[in-house]
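A structural walkthrough
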Amino acid sequence: MQTDLQPYLKNVLSQARQIAIKINVERSISDLNAEELNLLKSNLMHHGIICITNQDITPVELKNFVERWGEVLKLPAGLAFNNQEPGLPEIARVGNVKPDGSLVQNSTLAEYWHHDGDFWQYGENHIINFLHGVQIPKQGGKTGFLDTRKAYNDLPHSEREKLADSYTIVHSSDIDDFKDVIESERPKDARHPVCLPNPFTKELALYLPESHTGIEKDGGVIGTSVDYIERIQAEQGIFEHAWTPGDILIWDNLQVMHRSMGGYFNEPRLLFRCQAKLK
Ligand SMILES: O=C(O)CCC(=O)C(=O)O
Ligand SMILES: [Fe+2]
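Just so we're clear, the structure is a prediction, and the values are computed from it rather than from any experiment.

**Remarks on the overall build of the chain**
Within the chain one finds six helices and 17 strands. Relative to the 2.2 N^0.38 estimate, which gives 19 Å for 279 residues, the radius of gyration of the chain is 18 Å and therefore close to what a compact globule would have. By principal-axis analysis of the C-alpha atoms, the chain measures approximately 55 × 45 × 35 Å. Residues classed as buried in the chain amount to 38% of the 279 residues present. Long-range pairs, those at least 24 residues apart, make up 80% of the contacts in the chain between residues at least 6 apart in sequence.

Now the structure itself:
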């Protein structure tokens, strides 16, 4: 366990990429200095997911931390599971616990593979997620990830050529989780390249949102996101984050995709979510 955070973070940064790394900062994230924060950002860009453990913070402290990473997103309620922290629309309550403590029965929210940002326009969708684990069920309730940067790198040359210049169109009205969004707040269709360059690392990763129109190229359909997602699962398996209260899981939506793995059978599950567009 590290005592001095900066050398520790530099060392983690020098290690080969793993999809997710765990960091115990041994103090509150509210107290990190600018250099430590920069090293955390570099680690996130290098590894894709970081988990900072043992954080006992309030939703406001989470938001203040996320503000140091970029522009904090404020979504309409219908795009944030209709379960935002009262008075704090930047914080979504992920899981099944309403602000009054009552439970949403048989919740299946977010139980499909996606990138947060699928319904944002291309160029606006470099979104970093921050989830803080608060109430964790005894069974189920994990968050699953697929490494879409590795998936691109693992493609044979012929497949990369096939996918070059292909795109998907996301119709937010198709996404079940957003069925309650009011029409005036519904995002317009978004068009995303399937081989999507990360503005920070400059590396390509696969971008595989749900789209009923499939993967298109030169006026025709050449496949679906689901084809590739199944293939990535078969080749890589799923990385599952098993939550411990106090975890802050941070991920780059342009390097990984995620879903709730479900299976918590009406036990309380509460994670606070805040999101930022990286700067
Ligand atoms: O519930 C989960 O594990 C994931 C939720 C999710 O997709 C999100 O917070 O963006
Ligand atoms: Fe999500």
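**As for the site of ligand 1**
Neighbouring residues of ligand 1: Val94, Ala110, Asp116, Asn129, Leu131, Thr143, His258, Ser260 and Arg273. At the level of elements, β6 (127-135) and β16 (256-260) are the ones that each hand at least two residues to the shell around ligand 1. Residue composition of the shell around ligand 1, grouped by class: three nonpolar, four polar and two charged.

**Re unusual backbone geometry**
Of note in this structure, Glu26 is not a glycine but carries a positive phi near 65°. Relative to the assigned elements, Glu26 resides in the loop between β1 (20-23) and α2 (34-47).

**Topic: the sheet that holds β16**
Strands belonging to one sheet form pairs held by backbone hydrogen bonds; the direction of such a pair is parallel or antiparallel. In space, the three strands of this open sheet follow the order β14-β7-β16, with antiparallel pairing throughout. Pairing within the sheet leaves two strands with one partner each, and these edge strands are β14 (239-241) and β16. Across the sheet, the mean angle from the axis of one strand to that of its neighbour is 25°, orientation sign disregarded.

**What about helix α3 (residues 59-67)?**
Those residues of α3 that sit buried are Pro59, Leu62, Phe65 and Val66. Each buried residue of α3 sits inside an arc of 120° when the element is viewed along its axis, so together they form one side. Where α3 is buried, its residues touch β3 (70-72), β4 (84-85), β5 (88-95), β6 and β17 (270-278).

**Some thoughts on the sheet that holds strand β8 (residues 167-170)**
With antiparallel pairing, four strands are arranged side by side in an open sheet as β9-β8-β12-β13. This sheet does not close on itself; its edge strands, each paired only once, are β9 (190-193) and β13 (220-223). Shown here is a sheet whose adjacent strand axes are inclined to one another by a mean of 40°, direction ignored.

**Some details on the nonpolar core**
Within the largest apolar cluster, 55 residues are counted, with the highest numbers of intra-cluster contacts made by Phe130, Leu146, Leu206 and Ile250. The residues touching Ile250, leaving out its near neighbours within four places in the chain, are Leu44, Ile49, Ile50, Ile128, Asn129 and Phe130.

**A closer look at the pairing of β9**
Judged by which residues are buried, β9 turns out to be one-sided: Ala190 and His192 face inward and are buried, whereas Arg191 and Pro193, on the alternate face, are not. As paired elements, β8 and β9 share four bridges and run antiparallel to each other. Residue pairing for β9: Ile169 is matched across the bridge by Arg191.

**Some words on the packing of helix α1 (residues 5-14) against α2**
Contact pair α1 / α2: the axes reach a minimum separation of 9 Å and the direction vectors enclose 15°. The angle between α1 and α2 places the two elements in the roughly parallel class. Relative to α2, α1 is oriented so that their crossing is left-handed. For the pair α1 and α2, the contacting residues are Leu5, Gln6, Leu9, Lys10, Val12 and Leu13 in the first and Glu35, Glu36, Leu39, Leu40, Ser42, Asn43 and His46 in the second.

**Quick notes on the pairing of β1**
As defined by bridge partners, β1 adjoins strand β2 (residues 49-52) across four bridges and the pair is classed as parallel. Note on β2: the bridge partner recorded for Lys22 is Cys51. Between β1 and its parallel partner β2, the chain crosses via α2, and the hand of that crossover is right-handed.

Rules of the game
Residues numbered from 1 in each chain as written. Chains lettered and ligands numbered in written order. Predicted model: local features only at pLDDT ≥ 70, side-chain atom pairs only at ≥ 80, totals over all residues. Helix = DSSP H or I, 4+ residues; strand = E, 2+ residues; numbered from the N terminus. Rg over C-alpha atoms; globule rule 2.2 N^0.38 Å. Buried ≥ 20, exposed ≤ 12 C-beta atoms within 10 Å, placed from the backbone. Contact = placed C-beta atoms within 7 Å. Near = placed C-beta within 6 Å. Nonpolar A, V, L, I, M, F, W, Y, C, P; charged D, E, K, R; others polar. Pairing = 2+ DSSP bridges. Axes fitted to C-alpha atoms, helices over the stretch in contact; angles between N-to-C directions. Arc of directions from axis to C-beta. Core = buried A, V, L, I, M, F, W, Y, C linked by C-beta atoms within 7 Å. Parallel < 35°, antiparallel > 145°, perpendicular 65-115°, else oblique. Left-handed = near helix turned anticlockwise from the far one by under 90°. Right-handed = clockwise from strand over helix to strand, strands pointing away.

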